[in-house]
Amino acid sequence: MAQQKKSRNFLQEAIKGLSKEEFDELVRKFQLSYLHYDEIVFVDGTNDGGCDIKIFRNKMEVKKCVQVTTQKQIERKLKQDLTKVSNMISQYRYSYKFDFFCSIPLSEEKIEEYKKYAIDTYCIDLDIYEAKRLAQLN
């Protein structure tokens, strides 16, 4: 049990230290192996609409917004992205489920606060994958 905790702490610290490109690659591999998507294409950049990744299953695009960040100002970033995702939902019929990946650990209290804000303000079902959670998943 103590060894598992050490491993998780090591992984969490390693995730925190990843560059943007390295974290993107970690998220890509996670999406393919853990979430069982067939293809992941990064479309991050200006005018990405709040979606850094296009997801494909059986050669068909899954209309779900995914945001990936190594920024430290999570609250500001997340609130900006929620506005963009809300627009993608209303204009292009994207899913109300939104996956947000960040390379820093967040407290459970903050995660729940952000999820409540997303559902109360935009009716968006927010799922946050942060360093602590990513380090604990098999």
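Residues numbered from 1 in each chain as written. Predicted model: local features only at pLDDT ≥ 70, side-chain atom pairs only at ≥ 80, totals over all residues. Heavy atoms only, no water.

## A word on the overall build of the chain
What counts here: Going along the chain from the N terminus, every DSSP run of H or I of four or more residues is numbered as a helix, and every run of E of two or more is numbered as a strand. Put simply, the radius of gyration uses C-alpha atoms, and a globule should come to 2.2 Å times the residue count raised to 0.38. Only protein chains enter the accessibility calculation, which uses a 1.4 Å probe; a residue is then buried when its area is under 20% of its type maximum, exposed when over 50%, and partly exposed in between.
From N to C terminus, the chain includes 5 helices and 6 strands. Listed by position from the N terminus, the elements making up the chain come as α-α-β-β-β-β-α-β-α-β-α. In terms of C-alpha radius of gyration, the chain reaches 15 Å, essentially the compact-globule figure of 14 Å for 138 residues. Based on the C-alpha atoms only, the size of the chain along its principal axes is roughly 50 × 35 × 25 Å. Looking at the chain as a whole, 37% of its 138 residues are labelled buried.

## Here's the deal with the state of the cysteines
Operational definition: Working definition: a disulfide is two cysteine sulfur atoms within 2.5 Å of each other.
Counted under the stated rule, the structure contains 1 disulfide. Each sulfur in the disulfide pair Cys 51 and Cys 65 lies 2.4 Å from the other. Of the two residues, Cys 51 is situated in the loop between strand E1 (39-42) and strand E2 (53-57) and Cys 65 in strand E4 (residues 65-69); the sequence distance between them amounts to 14 residues. Side by side, Cys 51 and Cys 65 carry an identical accessibility label, which is buried. With no disulfide partner, Cys 102 has as its closest neighbouring cysteine sulfur the one in Cys 65, 17 Å distant. Taking the relative accessible area as the measure of exposure, Cys 102 reaches 0% and is therefore buried.

## Considering the nonpolar core
As a rule of thumb, soluble globular proteins bury nonpolar side chains together. Test applied: To define a nonpolar core, start from buried Ala, Val, Leu, Ile, Met, Phe, Trp, Tyr and Cys residues and group those joined through side-chain atoms within 4.5 Å. Whether two residues are in contact is decided by their heavy atoms, any of which lying within 4.5 Å being enough.
Phe 98, Phe 100, Leu 106 and Leu 126 are the most contacted members of the largest nonpolar core, which has 20 residues in total. Contributions of two or more residues to this core are made by helix H3 (74-92), strand E5 (97-102), helix H4 (108-122) and strand E6 (125-129). Looking at this core, the element that brings in the most residues is H3, giving 6 residues. Ignoring sequence-local partners within four residues, the contact set of Leu 126 consists of Leu 78, Phe 98, Phe 100, Tyr 114, Lys 115 and Ala 118. One finds Ile 15, Leu 35, Val 66 and Ala 135 within the second-largest nonpolar core, a separate group that totals 16 residues.

## Some points on the sheet that holds E6
Within a sheet, adjacent strands bond to each other through the backbone by hydrogen bonds, running parallel or antiparallel. Our working rule: By this definition, two strands are paired if DSSP reports at least two bridges between them. Interaxial angles span 0 to 180 degrees and are taken between N-to-C directions of axes, which are lines fitted to C-alpha atoms, for helices over the stretch in contact.
Across the sheet, 3 strands lie side by side as E4-E5-E6; this open sheet has parallel pairing. Every interior strand has two partners, whereas the edge strands, E4 and E6, have only one. Ignoring strand direction, the axes of neighbouring strands in this sheet form an average angle of 15°. Summarising the sheet, E4 and E5 pair through 5 bridges and their orientation is parallel. From the neighbouring strand, Cys 65 faces E5, where its bridge partner is Phe 98. Contacts from H3 reach E4, E5 and E6 within the one sheet, and its direction differs from that of E5 by about 150°.

## Describing the environment of Gln 91
Tracing the sequence through the fold places Gln 91 in helix H3. Classification of Gln 91 as exposed rests on a relative accessible area of 54%. For the pair Gln 91 and Gln 71, spaced 20 residues apart in sequence, the C-alpha to C-alpha distance is 27 Å.

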